[in-house]
Amino acid sequence: MASIQKRGPNSYLLVVEAGYNAKGKRIKKTKTIKSRTKKEAEAELARFIVFVESGMYRTPAKMYLPEFVVEWKTKYAQTELSPLTLKTYNFHLENHILPALGHLKLDEIKPMHILSLLEDLRKPGARKDNSNGTLSSGTIEYIYRVMKNVFSRAKDWSILTQSPMASIKKPKVTQQKLKFYDEQEAAEVITLLYKAPIMWRLFCICAILGGFRRGELLALEWSEVDFENHTIKISKSISLTIKSQAIIKLPKTDDSIRTVDMPVWYMEELKIYKERCDKERIALGEKWLGGDKNYVFHAGFGKPIYHTQPSKWWKNFVEKHEFKYVRFHDLRHSCATILLENDVSLKAIQERLGHSKQQVTADLYTHVSKFLSRETANKFNKLNPNIK
């Protein structure tokens, strides 16, 4: 049974019976809400009934944050978040949020607790990855989003009447200046890559020439390589590898699915590499571990490369050769920068990189556009009548 009891001008008490206790007495779950009309209260009661009958309801006064996080993971995060996102959420929960707030009951957590945590995250020593320095503004903003997600579910599921995040403004993110290789630096690092094993050489050069994301290259299969038309098709990504099993991720938008024209010289080298890969696969026979997947770049025996390995390999390679270091993802930025330097349109760059909107491309590479605009203006200096 369920009922609504009016308690004030805009206040209602929701009552839902949830069986009997060991002594045969009825168990009642209650919740006080603020609502302008009885119709709104009835809608909230219907949601409350579903929640109680699902077995998820706990009296807020008795539920600590870690207990609710378990419910959040099983009833929301594991189905609604991608594996990599869930892994990142778990890291921040375990290393930042629960150590600071885990001793509190859900209804004890107030905005001041959240503000104090955000303040502490800006201090030295907040990093939990064995690195020096402070957390970036982007990481702090991400932790804010994790907390907002968790407390929003508590409100949606009628455990809290209001999220403690409701009055907390999202932390500002300081946009860091992009690092990249210009055309000359890219040519130099490509030359250096000819000292590397062929697979890694082609992997890294492909990122520079195609502007591909790391996960897109990890998921690339030979069936998506067209040697006749010199193109590479991007249709999926690998963002996480668990126990040698790749978690395939389909793109969020159709714009990320794209066919990219590649230089003929690169495709000819890729073809030579494929011939070698085909021979190795035949020689392996039953030892092949790739199943029905035929990755262009793999970790041996057809197994997918661990998702963080390319970044680690790239960092070690560049440092070994004492060359200017940029992150592996910055090779993608380098591709866009080189194209901008050569007067390629933003629309063409957007399509090559798989951005959803041209504005995303424009915002991301505004620093390059401003530099090129200044270079263009400087070309008129020779018309200055005061210069002889």
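The structure this text deals with has already been given above.
Residues numbered from 1 in each chain as written. Predicted model: local features only at pLDDT ≥ 70, side-chain atom pairs only at ≥ 80, totals over all residues. Heavy atoms only, no water.

A.B. asks: How should I be thinking about the overall build of the protein in this particular structure?
C.D. replies: Counting its secondary structure elements, the protein contains 14 helices and eight strands. The buried share among the 388 residues of the protein stands at 42%. Put simply, of all contacts in the protein between residues at least 6 apart along the chain, 61% involve residues at least 24 apart. (Helix = DSSP H or I, 4+ residues; strand = E, 2+ residues; numbered from the N terminus. Buried < 20%, exposed > 50% of the residue type's maximum accessible area, 1.4 Å probe, protein only. Contact = heavy atoms within 4.5 Å.)

A.B. asks: Looking at this structure, I do not really get helix H6 (residues 183-193). What am I missing?
C.D. replies: Turn by turn, an α-helix covers 3.6 residues, leaving residues three or four places apart pointing in a common direction. All of the buried residues along H6 are Ala186, Val189, Ile190, Leu192 and Leu193. End-on view of H6: buried residues confined to an arc of 155°, all on one side of the axis. Seen from the open side of H6, the exposed residues pointing more than 90 degrees away from its buried face are Gln184 and Thr191. Looking at the packing, one finds that the buried side of H6 touches helix H7 (198-210), helix H10 (309-320) and helix H11 (330-341). Regarding H6, its N-cap is Asp182, as a side-chain oxygen of that residue lies 3.2 Å from the backbone nitrogen of Gln184 further along. (Arc of directions from axis to C-beta. Polar contact = N/O pair within 3.5 Å; in protein donor to acceptor, adjacent residues only side chain to side chain.)

A.B. asks: Just to check I follow, could you spell out the nonpolar core for this structure?
C.D. replies: One recurring pattern in soluble globular proteins is that nonpolar side chains are buried together. Ranked by internal contacts, the top residues of the largest apolar core, which has 50 residues, are Ile232, Tyr266, Leu270, Tyr273, Phe297 and Trp314. Elements with a contribution of two residues or more to this core: H6, H7, helix H8 (214-219), strand S5 (231-234), helix H9 (264-284), H10 and H11. Ranked by the residues each element gives to this core, the list is headed by H7, at eleven residues. If we skip the residues at most four places from it in the chain, Leu270 touches Leu202, Trp222, Val225, Phe227, Ile232 and Val296. If you look at the next biggest cluster of nonpolar residues, it comprises 37 residues, including Leu65, Leu106, Met147 and Met165. (Core = buried A, V, L, I, M, F, W, Y, C linked by side-chain atoms within 4.5 Å.)

A.B. asks: Even after reading the chapter, I still don't get the environment of Lys233, so can you show me in this structure?
C.D. replies: Inspection of the secondary structure puts Lys233 in strand S5. Residues Lys233 and Val260, 27 residues apart in the sequence, show an inter-C-alpha distance of 6.2 Å. In this structure Lys233 touches Leu220, Glu224, Ile257, Arg258 and Thr259, once residues within four positions along its chain are discounted.

A.B. asks: Any chance you could explain the environment of Phe51 here in plain terms?
C.D. replies: Structurally, the position occupied by Phe51 is in helix H1 (residues 38-53). In sequence terms Phe51 and Asp156 are 105 residues apart; their C-alpha atoms lie 9.8 Å from each other.

A.B. asks: It is not clear to me how the sheet that holds S5 should be interpreted in this structure. Could you clarify?
C.D. replies: Each strand in a sheet pairs with another by means of backbone hydrogen bonds, the pair being arranged parallel or else antiparallel. One open sheet holds the three strands; their spatial order is S4-S5-S8, and the pairing between them is antiparallel. A single partner strand is all that each edge strand has here, and the edge strands are strand S4 (225-226) and strand S8 (258-261). Bridging between S4 and S5 involves two bridges; their strand directions are antiparallel. Residue Asp226 lies in a different strand from S5, and its bridge partner there is Thr231. (Pairing = 2+ DSSP bridges.)

A.B. asks: Before we go on, may I ask you to explain the layout of surface pockets in this structure?
C.D. replies: Where empty space is left can be seen by rolling a probe of water-molecule size over the atoms. In this structure, the second largest pocket occupies an estimated 350 Å³ of space. Mapped by element, the contributors of at least two residues to the lining of the second largest pocket are strand S3 (26-34), H1 and helix H5 (137-156). Per element, the largest residue contribution to the lining of the second largest pocket is four residues, and it comes from S3. Tallied by class, the residues present in the lining of the second largest pocket amount to two nonpolar, three polar and seven charged. (1 Å grid on protein atoms, 1.4 Å probe; cavity = no way out; pocket = protein on both sides within 12 Å on 5 of 7 lines; lining within 4 Å. Points joined across faces, edges and corners; volume = space filled by probe spheres on them. Nonpolar A, V, L, I, M, F, W, Y, C, P; charged D, E, K, R; others polar.)

A.B. asks: I keep staring at the pattern of salt bridges and nothing clicks. Help me out?
C.D. replies: Opposite charge on two side chains lets them pair, provided their charged atoms get close. Summed over the entire model, instances satisfying the criterion amount to 17 salt bridges. Here Lys123 makes a salt bridge to Asp120, at a shortest N to O gap of 3.2 Å. Of the residues examined, Lys123 reaches a relative accessible area of 39% and is grouped as partly exposed. With a closest N to O distance of 2.6 Å, Glu319 and Lys315 form a salt bridge. In this pair, Glu319 and Lys315 are both assigned in helix H10, four residues apart and thus about one turn of the helix distant. By relative accessible area, Glu319 is classed as partly exposed at 43%. Ionic contacts of the salt-bridge type, sharing partners, join the residues Glu221, Glu224, Lys236 and Lys293 into one network. (Salt bridge = Lys/Arg side-chain N within 4 Å of Asp/Glu carboxyl O.)

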